[in-house]
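# A structural walkthrough
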Amino acid sequence: MSILATFRLDGARALVTGASRGIGRATALALAEAGAHVGLSARDEEALTGLAREITALGREAVVLPDDLRDPEAAARVVDAATSALGGLDLLVHNAGGPQTDAEGHMVLRPVVETSDDDWRQVIDLNLLAAVRLCRAAHPYLRESDRASVLLMSSVAALVAVPGMESYGAVKNGLLSYVRSLAVAWAEDGIRVNAVCPGWVRTWLTQPLHGNAPVAQAALANVPMRRWGVPEDVVGPCVFLCSPAASFVTGQYLAPDGGMTAYPAMPRSGPSEEDPRD
Ligand SMILES: NC(=O)c1ccc[n+]([C@@H]2O[C@H](COP(=O)([O-])OP(=O)(O)OC[C@H]3O[C@@H](n4cnc5c(N)ncnc54)[C@H](OP(=O)(O)O)[C@@H]3O)[C@@H](O)[C@H]2O)c1
């Protein structure tokens, strides 16, 4: 197989959560472009139906699976519906998630002492518990696949301090621990498990930040590439981790973050003569 062919996903059966907009929508489309048939999960049925039309125009199958993943029964419903429509499952991408949001789905920053147990539960339920439930429901199908891969959407918030979003950082970090344990537990079933940790990406979720010019600019202070990411910046790592090109990669994360987690950096001019570490 040529190296470029190893990045293809022809005929793979994928389920992507949070596919109605943002990073999940771009990922579902990218998987389809790479050759996968895709089950599309989120609450907004109309948005999913629009995406399904784009995917079928590419010559792939698309199944619309509207549900609320905070409902404890939803993960099993979505996995069962996806597998019966697609005839099995090779790729599970749990991307639905985020920090605490307002009624519109925009992120909310709040001092940790002002957060309630319910605020924390909102974040735990969608990011972590839904991941656990989806993986549990998908395991019997993934075990039958000869190219099974699970991808969980974490965040740089798992890797750096995020004051005002402590629940988000803690839960996204918990996802990385879950990825490592699951990767080891499921290796003998032939199921790879990895994560992606995006930096600041311009989406509906982050609109309160990138929609406010001074805040948007301030957010870039720790981003060496000095720009916001777009969903398309995240899909390459997602397709790679799902593909045969990553056939020996499991228990890992990739961080498309414009260099954010490479900080703190040495001064660009290099170390000074007085630096005792020289
Ligand atoms: N944007 C960033 O800067 C950034 C950075 C790092 C990590 N991430 C992570 O990337 C993922 C996607 O974020 P995004 O920025 O693309 O956000 P977004 O544009 O707000 O998309 C979130 C997706 O999750 C779905 N969703 C929300 N609540 C749901 C629920 N209860 N049940 C089912 N689906 C639900 C939404 O669809 P419906 O509303 O239709 O249900 C939507 O499709 C999240 O896990 C986030 O933590 C984002």
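All figures in this text were calculated on a predicted structure; none of them were measured in a lab.

## Let's talk about the site of the ligand
In the vicinity of the ligand lie 31 residues, with Ser-20, Arg-43, Asn-95, Tyr-168 and Thr-203 positioned nearest. Backbone polar atom of Asp-44 to an oxygen atom of the ligand: 2.9 Å apart, as the coordinates give it. The separation between an oxygen atom of the ligand and a polar side-chain atom of Tyr-168 is 2.6 Å. For the ligand, the accessible surface in isolation is 880 Å², of which the surrounding protein chains cover 96%.

## Comments concerning the nonpolar core
Counting 36 residues, the largest nonpolar core has Leu-15, Leu-69, Leu-142, Val-150, Trp-186 and Val-193 as its most contacted members. If you list the elements that add at least two residues to this core, you get strand 3 (62-66), helix 3 (74-86), helix 4 (117-143), strand 5 (148-153), helix 5 (166-186) and strand 6 (191-196). Of all hydrophobic cores here, the second largest spans 33 residues; its members include Ala-32, Leu-91, Leu-241 and Cys-242.

## Section: the sheet that holds strand 2 (residues 37-42)
Taken together, seven strands build an open sheet; the order of strands is 3-2-1-4-5-6-7 and the sheet is parallel. One side of each edge strand has no neighbouring strand; the edge strands of this open sheet are strand 3 and strand 7 (253-254). With respect to the sheet, helix 1 (residues 22-33) is in contact with strand 1 (13-17), strand 2, strand 4 (91-94) and strand 5, its orientation differing from that of strand 1 by roughly 170°.

## What about the packing of aromatic side chains?
Tallied over the entire structure, the rule returns two aromatic pairs. Aromatic side chains Phe-7 and Phe-240 sit 6.1 Å apart centroid to centroid with 35° between the ring planes, which places their arrangement in the tilted category. With Phe-7 in the segment before strand 1 and Phe-240 in helix 8 (residues 231-242), this pair connects stretches of sequence that are 233 residues apart. For the ring pair Trp-200 and Trp-228, a centre distance of 5.6 Å and an interplane angle of 35° mean the geometry is tilted. Of this pair, Trp-200 sits in the loop between strand 6 and helix 6 (207-210) while Trp-228 sits in the loop between helix 7 (213-219) and helix 8, and the two are 28 residues apart along the sequence.

## Here we look at the pairing of strand 2
Residues in a regular strand project their side chains so that they alternate between the two faces of the sheet. For strand 2, the buried fraction is high: six of the six residues fall into the buried class. Covered by surrounding structure in strand 2 are His-37, Gly-39 and Ser-41 together with Val-38, Leu-40 and Ala-42, the residues of both alternating faces. Direction of pairing for strand 1 relative to strand 2: parallel, over a ladder of five bridges. From the neighbouring strand, Leu-15 faces strand 2, where its bridge partner is Gly-39. On the question of chirality, the crossover connecting strand 1 to the parallel strand 2 by way of helix 1 is right-handed. Looking at chain direction, strand 2 and strand 3 are connected through five bridges and run parallel. Directly across from Ser-41, in strand 3, lies its bridge partner Leu-65. Between the parallel elements strand 2 and strand 3, the chain passes through helix 2 (residues 45-57) in a crossover that is right-handed.

## Quick look at a nonpolar patch on the surface
Residues Ile-3, Leu-4 and Phe-7 make up a contiguous nonpolar surface patch of roughly 340 Å² in combined accessible area. Residue position: Ile-3 is located in the segment before strand 1.

## Considerations on the environment of Tyr-141
Tracing the chain through its elements places Tyr-141 in helix 4. Sequence spacing of Tyr-141 and Trp-204 is 63 residues, and the spatial spacing of their C-alpha atoms is 32 Å. Apart from the residues within four sequence positions on either side, Tyr-141 is in contact with Val-79, Asp-80, Thr-83 and Leu-89. One polar contact links Tyr-141 to Asp-80, side chain to side chain, over a distance of 3.2 Å.

## Here we look at empty space enclosed by the protein
With the rule as written, the count across this model stands at one cavity of 30 Å³ or more. There is about 60 Å³ of room inside the largest cavity. Each residue belonging to the lining of the largest cavity can be placed in one class, and the counts come to four nonpolar, four polar and two charged.

Cut-offs and rules
- Residues numbered from 1 in each chain as written.
- Predicted model: local features only at pLDDT ≥ 70, side-chain atom pairs only at ≥ 80, totals over all residues.
- Heavy atoms only, no water.
- Near = heavy atom within 4 Å.
- Polar contact = N/O pair within 3.5 Å; in protein donor to acceptor, adjacent residues only side chain to side chain.
- Areas by Shrake-Rupley, 256 points an atom, 1.4 Å probe, with all protein chains shown as cover.
- Core = buried A, V, L, I, M, F, W, Y, C linked by side-chain atoms within 4.5 Å.
- Buried < 20%, exposed > 50% of the residue type's maximum accessible area, 1.4 Å probe, protein only.
- Helix = DSSP H or I, 4+ residues; strand = E, 2+ residues; numbered from the N terminus.
- Pairing = 2+ DSSP bridges.
- Contact = heavy atoms within 4.5 Å.
- Axes fitted to C-alpha atoms, helices over the stretch in contact; angles between N-to-C directions.
- Phe/Tyr/Trp six-rings, centres within 6.5 Å; stacked < 30°, edge-to-face > 60°.
- Right-handed = clockwise from strand over helix to strand, strands pointing away.
- Patch = residues over 30% accessible without salt bridge, like charges linked within 9 Å, V, L, I, M, F, W, Y side chains within 5 Å.
- Salt bridge = Lys/Arg side-chain N within 4 Å of Asp/Glu carboxyl O.
- 1 Å grid on protein atoms, 1.4 Å probe; cavity = no way out; pocket = protein on both sides within 12 Å on 5 of 7 lines; lining within 4 Å.
- Points joined across faces, edges and corners; volume = space filled by probe spheres on them.
- Nonpolar A, V, L, I, M, F, W, Y, C, P; charged D, E, K, R; others polar.

Any functional reading would require information that these geometric values do not contain.
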